[in-house]
Structures are given as structure tokens and as C-alpha cells.
Amino acid sequence: MKELFKMRRVAGVVVLLAIGLAAAAQERADVLRKKLLDPNGDVMVAAHRAAHDKYPENSIDAIREAIKLQVDIIEIDVKVSKDGVPFLMHDRTMNRTTNGKGDPEELTWEQLQQYNIVDKGKVTEWKIPSLEMALKAAHGNILVDLDLKTDRIDDVVRVVEKTDMQDYVLFFDSEYSVLQRVKIKNPDFMIMPRAYRITQADSAIAMFDPPVVHIDFDFYTPKTVSVIKGSMARVWINALGEPDQILRDGKAKKALKKVLYNGANIIQTDEPGAFVMTLQKEKIAAHD
């Protein structure tokens, strides 16, 4: 009888601990959302195709690694299988990132699962992950930027809602017509349009009232940043390429200055851990 009572107590403690951990994780997601919606808040870091230095791009392990690194946002690419299952993949074909060939959207989910992910030229044990798997891994822990590599929006939205991630997902596409369809599905969805000039940024703001506008270095000026932040939106800039390389060369402050000099406050990078660490060091130094 005593043993049974002891077992029940242990089980109760385990359940309470699990509930506590889930609540803590969800609290982090809510904190990140609040941070995202503050256009003048601290700089946020987005992991391009998740944290894919140690793990394959767009993989569940890369998502978990980004969470471990305390990254704010993961950027992942989504397509939809022939039978309506959203999955993660960037390229138009599956040639580079799997041991298969051709257009993955022409295959069913079952057919896609016959192939393995290729990482840095080597075939791995990992399979192509579904969007549902990815969002479940992210849930409560991190925000998600969904780069839409498909026009089959209904299937994507269905999974976002099924996983209760509608408050923690940004929908990104360069095609405004696709983003308009997303917005029609749910006016409360967070949209991130990409702009290539200041007049286009103005149009995007009027059209979507977005929390974030993605810009490029071509028109990364104080005026552009002022217009975007004046609409209560954040400014997303890519560190991909030169800034990331500067960081890899050990010049962290120079890399940070390169991406933040005109006031952008979300950095998308292939070096998320290093940027998170650099920003933390700069914040500590500022308070000393």
C-alpha cells in the first residue's frame, strides 16, 4: 500500500513538472510575440532555414537547435505534397536536399517519405519533415517565419490552426497576391511582406498593416526605417552573405554594425548562435 502511495506521489510530481515546463515554454512564446509587436524593442534574431550549421536545413533537429540557442524566430520553407500535406523544403526541386529528384509537390506524402535528407552532400538518416511536425517542435518555444514556397494556402493554414500556432507564425511571400489570400483566411494572421523600394514598403503597410516589413540593403536608409517603424512595424534585414562572413571572420562588432547601422531590428542569419551571443555581450557592455 505504501509503495502504491509512493508511486502515485511520484507520478503526480512528474505530471506537475511537465505542466510547469509546458507553461514556461508557452510563456517564452508569448514574451517573444510581445517583443515582436514592439517596433522599437530589442533586436531579434531569425535563424535562416533554422539553425542548420550542425543539422540539415529545414529539419526538426535544426529547429530544436535554434530553440536551444535562444533564437527568437526560425525561418522555414513550406511546400505542399500532391495529397495536401505541407512539408519543409526550400528548392523548386528536391535534387539538392534529398536523394530524390524532381518537383516534390508532384509526389504524395507517402512517396516523399521514401527519400532521405541530404546535408552538405551526404545522405543522412533524416526524412523530410511535415509542417505539422515542425510547428509542434516550435510550439511555445519560438516564433516561426513561414516562407511560402507554394500557392496552396488552404493546406498550410489548416496545419497552422490545427497546431494552435496562428499567434506565433509570420506568413512571408514576395507575391502580395498570395499574402492577400492568407489575410482573407484570417485578418488577424501576421503578414510579413517584402519590399524592394520605399514606395513598395508604403503600399505593403497600407495593404497588410504588418508587424514586420522585410527590406534589402538597396534601400536600407534612415528614411525607409522611419517610414516602417512609423507604421508600428519592425524592420527585417538579411545578414546572409557578407555580414555573416564578417562574423565568421571573428569581427562580431563590425558584422553587427553592418546590419544595424540604420535601425533594422530583426536580423536573419545563417549564424544565429553567434549573433545571439554578440547581441547579449553588447547588451551587457551597455549596462556596465
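Rules of the game
Residues numbered from 1 in each chain as written. Predicted model: local features only at pLDDT ≥ 70, side-chain atom pairs only at ≥ 80, totals over all residues. Heavy atoms only, no water. Salt bridge = Lys/Arg side-chain N within 4 Å of Asp/Glu carboxyl O. Helix = DSSP H or I, 4+ residues; strand = E, 2+ residues; numbered from the N terminus. Buried < 20%, exposed > 50% of the residue type's maximum accessible area, 1.4 Å probe, protein only. Axes fitted to C-alpha atoms, helices over the stretch in contact; angles between N-to-C directions. Parallel < 35°, antiparallel > 145°, perpendicular 65-115°, else oblique. Left-handed = near helix turned anticlockwise from the far one by under 90°. Contact = heavy atoms within 4.5 Å. Nonpolar A, V, L, I, M, F, W, Y, C, P; charged D, E, K, R; others polar. 1 Å grid on protein atoms, 1.4 Å probe; cavity = no way out; pocket = protein on both sides within 12 Å on 5 of 7 lines; lining within 4 Å. Points joined across faces, edges and corners; volume = space filled by probe spheres on them. Arc of directions from axis to C-beta.

Asker: Help me understand the pattern of salt bridges, please; the structure alone is not making it clear to me.
Answerer: When the charged atoms of two side chains lie near each other, side chains of opposite charge can form a pair. Evaluation of the coordinates by the stated rule reveals 16 salt bridges. Asp72 is paired through a salt bridge with Lys35; the nearest N and O atoms lie 3.4 Å apart. Of this pair, Asp72 sits in the loop between helix 2 (60-68) and strand 2 (73-80) while Lys35 sits in helix 1 (residues 2-36), and the two are 37 residues apart along the sequence. Looking at Asp72, the relative accessible area reads 7%, which means it is buried.

Asker: Explain the packing of helix 5 (residues 153-162) against helix 6 (residues 176-185) to me, please; I cannot follow it from the model alone.
Answerer: A pair of packed helices is captured by two measures, namely the crossing angle of their axes and the spacing between those axes. As a packed pair, helix 5 and helix 6 sit with axes 11 Å apart at the nearest point and diverge in direction by 45 degrees. What the angle tells us is that helix 5 and helix 6 run oblique. The element helix 5 and its partner helix 6 pack so that their crossing is right-handed. Counting all contacts with helix 5, which are made through Ile153, Asp154 and Val157, the residues of helix 6 involved are Val178, Arg181, Val182 and Lys185. Here the residues of the contact of helix 5 with helix 6 are counted per class, giving 4 nonpolar, no polar and 3 charged.

Asker: I'm lost on unusual backbone geometry in this one. Help?
Answerer: Peptide bonds are mostly trans, and most non-glycine residues show a negative phi. Positive phi values are uncommon outside glycine, yet Ala50 reaches one of about 70 degrees. With respect to the helices, strands and loops of the structure, Ala50 is situated in the loop between strand 1 (44-48) and helix 2. The backbone of Lys120 sits at a positive phi, close to 55 degrees, despite the residue not being glycine. Topologically, Lys120 is positioned in the loop between strand 4 (116-119) and strand 5 (122-127).

Asker: Would you explain empty space enclosed by the protein in this entry?
Answerer: With a probe scaled to a water molecule rolled over the atoms, the places where space remains empty come into view. One pass over the full model with this rule turns up 1 cavity of 30 Å³ or more. Of the volumes computed, that of the largest cavity is approximately 90 Å³. The wall of the largest cavity is formed by Glu57, Asn58, Leu88, Met89, His90, Thr97, Thr98, Ile117, Ile128 and Pro129. Per-class residue counts for the lining of the largest cavity are 5 nonpolar, 4 polar and 1 charged.

Asker: How should I be thinking about helix 4 (residues 131-138) in this particular structure?
Answerer: In an α-helix, one turn spans 3.6 residues, which is why side chains three or four residues apart end up on the same side. Taken together, the buried positions of helix 4 are Leu131, Ala134, Leu135, Ala137 and Ala138. On an axial view of helix 4, the arc spanned by its buried residues comes to 160 degrees, and they lie on one face. Each element contacted by the buried residues of helix 4 is listed here: helix 2, strand 2, strand 3 (86-88), strand 6 (143-148), helix 5 and strand 7 (169-173). Count one or two residues on from helix 4 and you reach Gly140, which has phi positive near 85 degrees.

Asker: Sorry, what's going on with the environment of Glu242 here?
Answerer: By the element assignment, Glu242 lies in helix 9 (residues 242-248). By relative accessible area, which is 48% here, Glu242 ends up partly exposed. Note: C-alpha distance between Glu242 and Lys258 (16 residues apart in sequence) is 9.1 Å.

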